[in-house]
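Report on the structure
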Amino acid sequence: MNKAAYALKLPQSLKTAAQRLAREDGVSLNQWITVALAEKVGAVETAADFFKRRGSNANPADFQEILDKVRSDPPAKGDELPDL
């Protein structure tokens, strides 16, 4: 495995929590962060792949049909967009 070094700056509270969790898991902080990062990358890539596959079946005409059913009532009180 080819390894690359990366200096990581963390808020102290996050580093402290990660150190505690690494100690509880019986691994080094470096190993714990590597596994946490790998889990996040895997989750993001899995989600991206899922939505890409899901969207490949999309039909713009079907979407327009749904949009055409949207009523044009004013928003309910409290749901208004703020003035910019």
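Preceding this paragraph is the structure being described.
Throughout, a residue's number is its position along its own chain's written sequence, starting from 1. Only residues with pLDDT of at least 70 are given local features in this predicted model, and only at 80 or more are side-chain atom pairs given and counted; all residues enter the totals for whole chains, interfaces and linings. The side-chain numbers reported here are obtained from all heavy atoms of the structure, hydrogens and water having been left aside.

Some thoughts on the pattern of salt bridges
In plain terms, the rule: Any carboxyl oxygen of Asp or Glu that lies within 4 Å of a side-chain nitrogen of Lys or Arg is treated as forming a salt bridge with it. Helix and strand assignments follow DSSP, with helices taken as H or I runs no shorter than four residues and strands as E runs no shorter than two, numbered in order from the N terminus. The rule is simple: take the accessible area with a 1.4 Å probe, protein chains only, and divide by the maximum for that residue type; under 20% is buried, over 50% is exposed, in between is partly exposed.
Using the criterion set out here, one finds three salt bridges in the structure. With its nearest N and O atoms 3.4 Å apart, the salt bridge here joins glutamate 24 to arginine 20. One end of the pair is glutamate 24 and the other is arginine 20, both in helix H1 (residues 12-25) and four residues apart, which spans about a single turn. Overall, glutamate 24 belongs to the exposed group, its relative accessible area being 56%. Arginine 71 serves as the salt-bridge partner of aspartate 73, at 2.3 Å between the closest nitrogen and oxygen.

Comments concerning the layout of surface pockets
Put simply, the rule is: In this analysis a 1.4 Å probe is tested at points of a 1 Å grid over the protein atoms alone, and where it fits but cannot get out there is a cavity; an open set with protein on both sides within 12 Å along at least five of seven lines is a pocket; lining residues have an atom within 4 Å of a point. Grid points are joined across faces, edges and corners, and a volume is the space filled by probe spheres set on the points. Here the term charged refers only to Asp, Glu, Lys and Arg, the term nonpolar to Ala, Val, Leu, Ile, Met, Phe, Trp, Tyr, Cys and Pro, and the term polar to all other amino acids, Gly among them.
Estimates place the volume of the largest pocket at around 680 Å³. Residue lining of the largest pocket: 16 residues in total, with Tyr6, Asn30, Ile33, Thr34 and Leu37 positioned closest to the centre. The greatest single-element share of the lining of the largest pocket, amounting to six residues, is contributed by helix H2 (residues 29-55). Split by residue class, the lining of the largest pocket holds twelve nonpolar, three polar and one charged.

Section: the environment of lysine 3
By the element assignment, lysine 3 lies in the segment before H1. Exposure remark for lysine 3: the relative accessible area of 69% places this residue in the exposed category. In sequence terms lysine 3 and lysine 15 are twelve residues apart; their C-alpha atoms lie 22 Å from each other.

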